[in-house]
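# Structural characterization, general
These are the residues of each chain, in order.
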Amino acid sequence: MSSLKEICSGLPLDPLPSNQGRDPNVPHAPIRTPNLTAEEERLALRNALRYFTPSHHSTLAPEFAQELRQYGHIYMYRFCPTMRMRAYPIDQYPCRSRQAASIMLMIMNNLDPAVAQFPQELVTYGGNGQVFSNWAQVSPELMTDEQTLVMYSGHPMGLFPSLPSSPRAIITNGMVIPNYSSKEQYEKMFALGVSMYGQMTAGSYCYIGPQGIVHGTMLTVLNAGRRYLGSGDLSGCVFVTSGLGGMSGAQAKAAVIAGCVAVVAEVDEAPLRKRHEQGWLMEVTSNTEHCIKRIREAKSSETALSLGYHGNIVDLWERLLLEHERTGELLVDLGSDQTSLHNPFNGGYYPVQLSFRQANQLMATDPNRFRTMVQESLCRHIRAVNKLSDAGMFFWDYGNAFLLEAQRAGADVGKVGGGATEFRYPSYVQDIMGDIFSLGFGPFRWVCTSGDPQDLAVTDNIAATVLEEMSANVTDRVRQQYDDNIHWIREAGKHKMVVGSQARILYSDQKGRVSIALAINQAIADGRVSAPVVISRDHHDVSGTDSPFRETSNVYDGSAFCADMAVQNFVGDAFRGATWVALHNGGGVGWGEVMNGGFGLLLDGSDEAGKRARLMLNWDVSNGVARRCWSGNSNAYETIQRTMEDNSQLRVTMPFPVQDEHILDRALQG
């Protein structure tokens, strides 16, 4: 069995490890269909062999060619470590740099079978969110604090000399020339081994399991209740959605924490069973009649419930519609969708006309027919949702490209008089979470590198105490967000959120993030926390992502399709103290639709770590608030004004709105 020393020391080549092939005991990614020409197959094979000395080529070439033709990609299963991939305590990593050890810890957490969706294909979540492109790339050299590891779409280009204050890793994923950034061209580039889709926190090594989205989903459902139903008390409220995989798996748990009745459809039995065994899903059924029965019972008794429906979401929506047409009773209050429609034709969405097994077969044998069936299914999907919405259900798009792909399929999702980023149903950013981003709130997270649950409990208490002390001196709007997050953090331990690393997430604004980071850093210095802590965030945040159909869908000055904010954030984090930074094409809504970035920063109790955290976190939030202010968002205007009052060195260009629209009319008529 391989060891941490071996994993951290490079590829095992003398001798080569035996080729065990794919492990039948773990889920595997769908077969990819890159449609390579004979010359492109040859190029893909040549590219893969570059990692190995010529003496190994005759052994490896035939098996790599077989992987390419059988699975549509060269994963190099031979080099998958036999040691269990997980976040080991940081002191166990044989690294010359503590910062490098923290990066390796986070990488191994992303590949932990308890965390990763398809661990042997190096997919953490979202169906195709890669950590690396192949197993030869999981071989970090023992870097020092005067080197930076440069990662090109999964490929370790090398260790380059740098300053101790520089990032230890710079990661870019999918940086393709814009005119060539189509999904079809991506499939070829990934098969060739020259580009990679890192989703968001998969390719930046910052995923913390489904907890990362539980909290955001809970806040979304709570705020949807406040906005659509007029109450934050969701007892007896029914929420119907789909998906129980890597990210969507959070929905059932989040809905119960929010107090409502959740029915979540999932076509793949493996993730459904996984969530049930984890205790994140209370009940499972494959019968729509049983779904109707349990909805009525839980709605009547106002009992929180998470019910997993093993079947297609379209069947469930159509059955709920039939019940309404038969009885006049609308059983659903809130609806959404978290199928992986950023990847609609390669396992992200399963058409209702086919069983799960039939769909996987057709996907590989006749991708064009499969594409047609997906689009037909999306049209049926939307017809049922539209009719239930007309009857009074409130539906929103969860930023998974559901409405975008439905529109492309020809479904009736257009908004009369709407702009380029608007549909019949709002994005949750536009309608529910947008105000939170404009206030500077977003998904801040940390990982206790000791692996000790006691350290996590201490940091939970630190974070809650910091927010409680701060909440007395904020506006009512901000206080509501603080109160939601204080409740979350105080209850998080009870809800057993941890899967993989000892990690926590909460939504905080700029001042809260800085204060929590500095308090944790001080606790490490004092010995109250036994080992360093990595702080990070989801890319889905105030400043981290330019995504016109999600994070920036409520930017209306024409810049929603511009990506300056995400790129500037990546660069700014790098020279303000981040331990590593990442910039990705794609994530959430899909390849070619998004630019996003993230960071990791190691707190080790030193004054230097505190200085880095203060400088970098202030920038990491203010950048996005300033951009949202300039676009005309009034909440962002007020937020950045207050931030400038607190920091005399911050000077943001403020907009002067046009107060008299007639001026424009007269100017354009002249």
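The residue numbers shown here count from 1 along each chain, following its written sequence. Local features in this predicted model are restricted to residues whose pLDDT is 70 or higher, and side-chain atom pairs enter the listing and the counts only when it is 80 or higher, whereas totals over whole chains, interfaces and linings include all residues. The side-chain numbers reported here are obtained from all heavy atoms of the structure, hydrogens and water having been left aside.

### Focus: the overall build of the protein
As a reminder of what qualifies: Secondary structure elements follow DSSP: runs of H or I of four or more residues count as helices, runs of E of two or more count as strands, with numbering from the N terminus. Exposure classes here rest on a 1.4 Å probe applied to the protein chains alone. A residue is buried below 20% of its type maximum, exposed above 50%, and partly exposed in between. Contacts are residue-level and defined by heavy atoms, with any inter-residue pair within 4.5 Å sufficient.
Along the backbone of the protein there are 22 helices and 17 strands. Taken over the C-alpha atoms alone, the protein extends approximately 70 × 65 × 60 Å along its principal axes. Here the protein, with 670 residues, has 61% of them falling under the buried criterion. Partitioning the intrachain contacts of the protein with sequence separation of at least 6 by distance along the chain shows that 71% fall at a separation of at least 24.

### Comments concerning the side chain of Lys 253
Applicable threshold: His is not counted, nor are the chain ends, whereas Lys and Arg count as positive and Asp and Glu as negative. Counted as salt bridges are all cases of a side-chain nitrogen of Lys or Arg within 4 Å of a carboxyl oxygen of Asp or Glu.
Positionally, Lys 253 belongs in helix α7 (residues 250-258). Buried charge without a salt bridge: Lys 253, with Glu 491 as the nearest opposite-charge side chain at an N-O distance of 10 Å. Discounting chain neighbours no more than four positions away, the residues touching Lys 253 are Val 214, Gly 279, Trp 280, His 495 and Met 497.

### Description of the domain arrangement of the protein
Our working rule: Domain start and stop points were drawn from an automatic or database domain assignment. Here's the idea: put two parts together, see how much 1.4 Å probe accessible area each one loses, and the total over both is what we call buried area. Here a polar contact is recorded for every N or O atom pair within 3.5 Å, except that within protein the pair must consist of a potential hydrogen donor and a potential acceptor, and residues adjacent in sequence are included only if both atoms are side-chain atoms.
Here the protein is described as being made up of domain 1 (4-192), domain 2 (223-413) and domain 3 (434-646). Summarising the inter-unit geometry, the C-alpha centres of domain 1 and domain 3 are found 28 Å apart. Buried surface at the junction of domain 1 and domain 3, summed over both partners, amounts to about 2,200 Å²; 65% is from carbon and sulfur atoms. Here domain 1 is connected to domain 3 by one salt bridge. In this structure, Glu 593 engages Lys 183 in a salt bridge whose closest nitrogen and oxygen atoms are separated by 3.7 Å. At the boundary of domain 1 with domain 3, the tally comes to 15 residue pairs in polar contact (both at pLDDT 80 or more). Elements with a contribution of two residues or more to the side of domain 1 that touches domain 3: α4 (98-110), β5 (169-173) and α5 (183-192).

### Observations concerning the environment of Gln 649
By the secondary structure assignment, Gln 649 is in the loop between α21 (634-646) and α22 (661-669). Using a relative accessible area of 74% as the deciding quantity, one classes Gln 649 as exposed. Along the sequence, Gln 649 and Glu 289 sit 360 residues apart, while their C-alpha atoms lie 62 Å from each other.

### Regarding a nonpolar patch on the surface
Inclusion rule: Like-charged residues within 9 Å of one another, or nonpolar side chains (Val, Leu, Ile, Met, Phe, Trp, Tyr) within 5 Å, are grouped into patches, provided each residue has over 30% relative accessible area and no salt bridge. The accessible surface values rely on the Shrake-Rupley method and a 1.4 Å probe; as for residues, cover is taken only from the protein chains in view.
Taken together, Val 658, Ile 663, Leu 664 and Leu 668 make up a surface patch of nonpolar side chains, about 390 Å² in accessible area. Position of Leu 664 relative to the elements: it lies in helix α22.

### Here we look at the side chain of Glu 67
Mapping Glu 67 onto the fold places it in helix α3 (residues 57-71). Although Glu 67 is buried, it makes no salt bridge; Arg 78 carries the closest opposite charge, 7.6 Å away. In this structure Glu 67 touches Gly 72, His 73, Ile 74, Tyr 75, Met 76 and Tyr 77, once residues within four positions along its chain are discounted.

### As for the packing of aromatic side chains
What counts is decided by this rule: When two rings of Phe, Tyr or Trp (its six-membered ring) have centres within 6.5 Å they constitute a pair, described as stacked for plane angles under 30 degrees, edge-to-face for angles over 60, and tilted for the intermediate range. Definition used: whenever NZ (Lys) or CZ (Arg) falls within 6 Å of the ring centre and also within 35 degrees of the ring normal, the charge is taken to sit over that ring.
Inspection of the entire model under this criterion finds 22 aromatic pairs. Here Phe 52 and Phe 64 contribute two aromatic rings whose centre-to-centre distance is 5.9 Å and whose plane-to-plane angle is 50°, an arrangement assigned as tilted. One end of the pair, Phe 52, is in the loop between α2 (38-49) and α3; the other, Phe 64, is in helix α3, with twelve residues separating them in the sequence. Note that Arg 371 overlies the ring of Phe 345, its terminal NZ or CZ placed 4.0 Å from the centroid. One residue, Arg 576, lies across the ring of Trp 619, its end atom 4.3 Å from the ring centre.

### Details of the pattern of salt bridges
With the rule as written, the count across this model stands at 38 salt bridges. For Glu 608, the salt bridge identified is with Arg 612, shortest N-O distance 3.2 Å. You can see Glu 608 and its partner Arg 612 sitting in helix α20 (residues 607-630), four residues apart, about one turn around the helix. The class for Glu 608 is partly exposed, based on a relative accessible area of 42%. Take Arg 612: its relative accessible area is 9%, and that puts it in the buried class. Via salt bridges that share partners, Glu 289, Arg 296, Arg 319, Glu 323 and Glu 329 belong to a single interconnected network.

### Things to note about the packing of helix α19 (residues 564-575) against α20
Convention followed: Fitted lines through C-alpha atoms serve as axes, helices being fitted only where they are in contact, and the angles separating the N-to-C directions of these axes extend from 0 to 180 degrees. In these notes the angle categories are as follows: under 35 degrees is roughly parallel, over 145 is roughly antiparallel, 65 to 115 is roughly perpendicular, and the rest is oblique. In this scheme the handedness of a crossing depends on how the near helix is turned from the far one: anticlockwise by less than a right angle means left-handed, clockwise means right-handed. Throughout this entry, Asp, Glu, Lys and Arg are counted as charged residues, while Ala, Val, Leu, Ile, Met, Phe, Trp, Tyr, Cys and Pro are counted as nonpolar. The remaining residues, Gly among them, count as polar.
For the pair α19 and α20, the least separation of the axes is 10 Å and the interaxial angle reads 160°. As summarised for this structure, α19 and α20 are arranged roughly antiparallel, according to the angle between their axes. The handedness of the crossing between α19 and α20 is right-handed. Two secondary-structure elements touch here, α19 through Met 565, Gln 568, Asn 569, Gly 572 and Asp 573 and α20 through Met 616, Trp 619, Asp 620, Asn 623, Gly 624, Arg 627 and Arg 628. Residue composition of the contact of α19 with α20, by class: three nonpolar, five polar and four charged.

### Re the nonpolar core
Selection rule: Definition of nonpolar core: a set of buried residues of the types Ala, Val, Leu, Ile, Met, Phe, Trp, Tyr and Cys, connected through side-chain atoms within 4.5 Å.
Core analysis: the largest hydrophobic core is formed by 150 residues, its most contacted members being Tyr 205, Trp 446 and Ile 535. Leave out the neighbours within four places in its chain, and Tyr 205 touches Ile 103, Met 106, Ile 107, Asn 110, Val 131, Phe 132, Met 151, Ile 171 and Trp 580. Grouped together as the second largest cluster of nonpolar side chains are 53 residues, Leu 307, Trp 317, Cys 379 and Phe 402 included.

### Some points on the pairing of strand β7 (residues 261-266)
We count it as follows: Strands were regarded as paired on the criterion that DSSP finds at least two bridges between them.
Most of β7 is tucked away, with six of its six residues classed as buried. Sheet analysis places strand β6 (residues 238-242) next to β7, joined by five bridges and oriented parallel. If you follow Val 238 over to β7, its bridge partner there is Val 261.

### Some remarks on the sheet that holds strand β8 (residues 283-285)
In spatial order, the strands read β8-β9-β7-β6-β10-β11; together these six strands make up an open sheet with parallel pairing. Unpaired on one side and paired on the other, β8 and β11 (394-395) mark the two borders of the sheet. Pairing geometry for β7 and strand β9 (residues 305-310), over six bridges, is parallel. Among the inter-strand pairings, Val 261 is bridged to a residue of β9, identified as Leu 305.

### Digging into helix α16 (residues 453-470)
The cut-off we apply is this: Working rule for helices: expected span equals 1.5 Å times residues minus one.
Compared with the 26 Å implied by 1.5 Å per residue over 18 residues, the 26 Å span of α16 between its first and last C-alpha is a close match. Turning to α16, its buried residues number three or more, namely Asp 455, Leu 456, Val 458, Thr 459, Asp 460, Ile 462, Ala 463, Ala 464, Val 466, Leu 467 and Met 470. Between the side-chain oxygen of the N-cap and the backbone nitrogen of Gln 454 there are 2.9 Å, and the N-cap of α16 in question is Asp 452.

### Looking at unusual backbone geometry
When glycine is set aside, most residues are seen to have a negative phi, and most peptide bonds are trans. Across the junction of Asp 14 and Pro 15, the peptide omega takes the value 5°, indicating a cis bond. Relative to the helices and strands, Pro 15 resides in the loop between α1 (4-7) and α2. In this structure, Met 76 takes a positive phi of about 65° despite not being glycine. Residue placement: Met 76 occurs in the loop between α3 and α4. On the accessibility criterion, Met 76 (0% relative accessible area) is buried.

### Details of the pairing of strand β12 (residues 442-448)
With respect to burial, β12 is a largely interior element, seven of its seven residues being buried. Looking at chain direction, β12 and strand β13 (residues 502-508) are connected through seven bridges and run antiparallel. Within β13, the position partnered with Gly 442 by the bridge is Ser 508. Here five bridges tie β12 to strand β14 (residues 533-537), and the two strands are oriented antiparallel to one another. For Val 447, the partnering residue across the bridge sits in β14 and is Val 534.

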